[in-house]
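Notes for the structure review
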Amino acid sequence: MNLDELYRETILDHNQTPRNRRDLENPTKTVGLLNPTCGDQIKLDLQLDHGKVTDVGFTGHGCSISMASASMMTEAIKGKPVEEALALARHFKAFLTGTPSPVELGDLEALKGVSQFPSRVKCATLAHNALEKALMESEPDHNR
Amino acid sequence: MIKPLVDVAQDFPILNRRINGHRLVWLDSAATSQKPESVIQTMDRFYHESNANVLRSVHTLADEATTAFTDARVKTAQFIRAGRPEEVIFTRGTTESLNLVARGYGDQAVNSGDEIVLSPMEHHSNIIPWQQLARRTGATLRYVELAQDGTITIDALERVIGPRTRIVALSRISNVLGTINPITEAAAMVHQHGGVMVVDGAQSVPHEATAVRELGADFLAFSGHKMCGPTGIGVLYGRMELLEAMEPVMFGGEMISYVDQETATWAEVPQKFEGGTPNIAGAVGLGAAIDYLAGVGMDAIHEHSRTLGELAFETLKSIPGVAVYGPARPHAAALAFNIDGVHPHDVAQVFDSLGVAIRAGHHCAQPLMHWLGVGSTARASFYLYNGQDDVSVLKEAILETKRFFQR
């Protein structure tokens, strides 16, 4: 096992300087999620407008994998249609269990090494589960 | 140089494993201890030679199994200096034991307006059963205030234990802070007010000689798997008169005296609390673990655990950018720490790459994490198969983690 395969530079960079780590002022959707096995927490704020994720921010605390994954995710979904953001979360989760993703994952590709560490998969998916939860809840009225 | 108390290579073959190219250094005994060869072999022999259900059949194997099971109860009772073997109830572990007291004793003894005293350092298994009891009965939970170093003072106990206190439930040794709590003093106070002392011994029974009556414990809960025994077996000790008055909470076979279509009467203690086929091999394995620990000597183990805990405390405290929690001394075998700017999970990951197994997380003690003002911590814990070398490895692993994340 090689630690550098898990902790790629991109991950350490996102962990040290997370992108979009802030509260939104008037988010359309806010979802908080807790990883009960380790106590990691995330709050995800989404600004949705005409079926698009126009802005996104997250706060919380957790390990480098969970925080970097959240940071990368916010970059990947900003400006994207809700359907694409949702698909990204799902493809990314499948990617972590070894299924190649049909869509561009951007910096999230750097988390590939996590698939070799089953106990860390839940760290990498926390933000994506929050996103899925937020978008599933908002789906009925996101086109208004 | 502090050496392990036992012949590690011979008694604990699992510790000969290499993990990621390094010698396995097991610093997670507070989660579960490794099992000596004698325990594994005793359980293996039981299944190979004597397996049968207990307390019901007349054939040879049933006799052998019943004798082995009964002997395990006798050994366990002697190990904690109980008055008689019947005061030992076999459970699945500390959690089940504490739930059994809260239900079986608490539901009868606690009423609306009564108080249950806990501490913020308790494991969830010594908090939630009492929260639930309080909800059922209308009782109030009161928490003893911890001193700055995470210890419990006599003054702090005096401030919360009073005439309304029916139950004081405290761990003897914290699974996070390594504090050794003043149980005898707490017991004296609650007894003065006619209440009972419940002791969570999950971390203490494996590490110190336990004498329930000197300790002042009316109930004592502990697990086999943290004291060199198998998983799935644990103990609730209770004073006989309390157990006799207590109601069973698990109903079924082997716990009854007489049954008709509408009613049933209960068997004697301890069978009254052991409905269903018990974990026979587990009890036999626990008996073997007790033999093993007694062979080493509990006083020697206590001295060893404390020495390593205190040495690790001093060693880690001297590393810049490392926070250690709990008192400098006495400090038991579990030591929680954090490295500035590195999440405990990432710490544990780097440690694993070096073959060092530690725990990271909230240690089932979220109220304590709040008290410490952290989300989680790393934790190293020691036992009789660890030595000073392992403290050095711990230090090196911390330095390596700092290098890795602060490059």
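Residues numbered from 1 in each chain as written. Chains lettered and ligands numbered in written order. Predicted model: local features only at pLDDT ≥ 70, side-chain atom pairs only at ≥ 80, totals over all residues. Heavy atoms only, no water.

So, helix 12 (residues 344-353) of chain B
Residue and element names in this part refer to chain B. Short version of the rule: Burial classes: relative accessible area under 20% of the type maximum marks a residue as buried, over 50% as exposed, and values in between as partly exposed (1.4 Å probe, protein chains only). In DSSP terms, a helix is any run of H or I states spanning at least four residues, a strand is any run of E spanning at least two, and both are numbered starting from the N terminus.
With respect to burial, helix 12 is a largely interior element, nine of its ten residues being buried. Among all positions of helix 12, only Pro344, His345, Asp346, Val347, Ala348, Gln349, Val350, Phe351 and Ser353 are buried. Following helix 12 by one or two positions, Gly355 adopts a phi angle in the positive range, close to 80°.

As for the domain arrangement of chain B
Residues and elements named next belong to chain B. Heads up, the rule is: Where each domain starts and ends follows an automatic or database-derived domain assignment. Contacts are residue-level and defined by heavy atoms, with any inter-residue pair within 4.5 Å sufficient. The term buried area refers to how much accessible surface (probe radius 1.4 Å) is lost by two components on association, counted for both of them together. Salt bridge criterion: a side-chain nitrogen from Lys or Arg within 4 Å of a carboxyl oxygen from Asp or Glu. By the criterion applied in these results, polar contacts are pairs of N or O atoms within 3.5 Å in which, for protein atoms, one can donate a hydrogen and the other can accept it, and in which residues neighboring in sequence qualify only through two side-chain atoms. Here the term charged refers only to Asp, Glu, Lys and Arg, the term nonpolar to Ala, Val, Leu, Ile, Met, Phe, Trp, Tyr, Cys and Pro, and the term polar to all other amino acids, Gly among them.
Examined at the domain level, chain B breaks down into domain 1 (5-27 + 297-406) and domain 2 (40-295). Look at where the C-alpha atoms of domain 1 and domain 2 centre, and you get two points 28 Å apart. Counting residues at the interface gives 34 residues for domain 1, matched by 33 residues for domain 2. Buried area between domain 1 and domain 2, both sides added, is near 2500 Å², and the carbon and sulfur share of it is 66%. Taken as a group, Met298, Trp371 and Tyr383 account for 26% of the area that domain 1 buries against domain 2, more than any other trio of residues on that side. Where domain 1 packs against domain 2, one counts zero salt bridges. For the interface between domain 1 and domain 2, the tally reads 15 residue pairs in polar contact (both at pLDDT 80 or more). For the side of domain 1 that touches domain 2, the elements supplying multiple residues, two or more each, are helix 11 (298-317), strand 14 (334-339) and helix 13 (366-372). Residue composition of the side of domain 1 that touches domain 2, grouped by class: 22 nonpolar, eight polar and four charged.

Examining the layout of surface pockets
Keep this limit in mind: Of the grid points, spaced at 1 Å and generated over the protein atoms alone, those admitting a 1.4 Å probe that cannot get out make up cavities, while open sets with protein on both sides within 12 Å along at least five of seven lines make up pockets; any residue with an atom within 4 Å of a point is treated as lining. Grid points are joined across faces, edges and corners, and a volume is the space filled by probe spheres set on the points.
Here the largest pocket is characterised by a volume of approximately 480 Å³. Along the wall of the largest pocket there are 22 residues; nearest its centre are Ser119(A), Ala348(B), Gln349(B), Asp352(B) and Ile358(B). When residues of the lining of the largest pocket are traced back to their parent elements, those giving at least two are helix 5 (118-138) of chain A together with helix 12, strand 15 (356-357) and strand 16 (359-361) of chain B. Within the lining of the largest pocket, the residues separate by chemical class into ten nonpolar, six polar and six charged.

Some words on the pattern of salt bridges
All names here are of chain A. Under the definition given, this model contains 25 salt bridges over all chains. In this structure, Asp45 and Lys43 form a salt bridge, with 3.0 Å as the shortest nitrogen-oxygen distance. Judged by its relative accessible area of 28%, Lys43 falls in the partly exposed class. Through salt bridges with shared partners, one network takes in Asp13, Arg19 and Glu75.

Brief notes about the interface of chain A and chain B
It is common to give the size of an interface as the accessible area lost on bringing the parts into contact. Chain A puts 22 residues into the contact, and the matching count from chain B is 16 residues. For the pair chain A and chain B, the two sides together bury roughly 1500 Å², of which 54% comes from carbon and sulfur. Put simply, Asp346(B) and Arg120(A) hold a salt bridge, and the shortest N to O gap is 2.9 Å. Taken together, the connections running from chain A to chain B amount to seven residue pairs in polar contact (both at pLDDT 80 or more). Mapped by element, the contributors of at least two residues to the side of chain A that touches chain B are helix 1 (3-6), helix 2 (9-16), helix 3 (64-77) and helix 5 of chain A.

What to know about the sheet that holds strand 2 (residues 40-49) of chain A
Residue and element names in this part refer to chain A. The condition that has to hold: Paired strands, as defined in this entry, are two strands with at least two bridges between them according to DSSP. Comment: axis = line fitted to C-alpha atoms, over the contacting stretch for helices; angle = value between 0 and 180 degrees taken between N-to-C directions.
In spatial order, the strands read 1-2-3; together these three strands make up an open sheet with antiparallel pairing. The open sheet has two edge strands with one neighbour each: strand 1 (29-35) and strand 3 (52-61). Averaged over all neighbouring strand pairs, the angle between strand axes comes to 15°, with direction disregarded. Relative to strand 3, strand 2 runs antiparallel, the two being bridged by nine bridges. Paired with Asp49 across the bridge in strand 3 is Lys52. Of the strands in this sheet, strand 2 and strand 3 touch helix 3, which is tilted by about 170° from strand 3.

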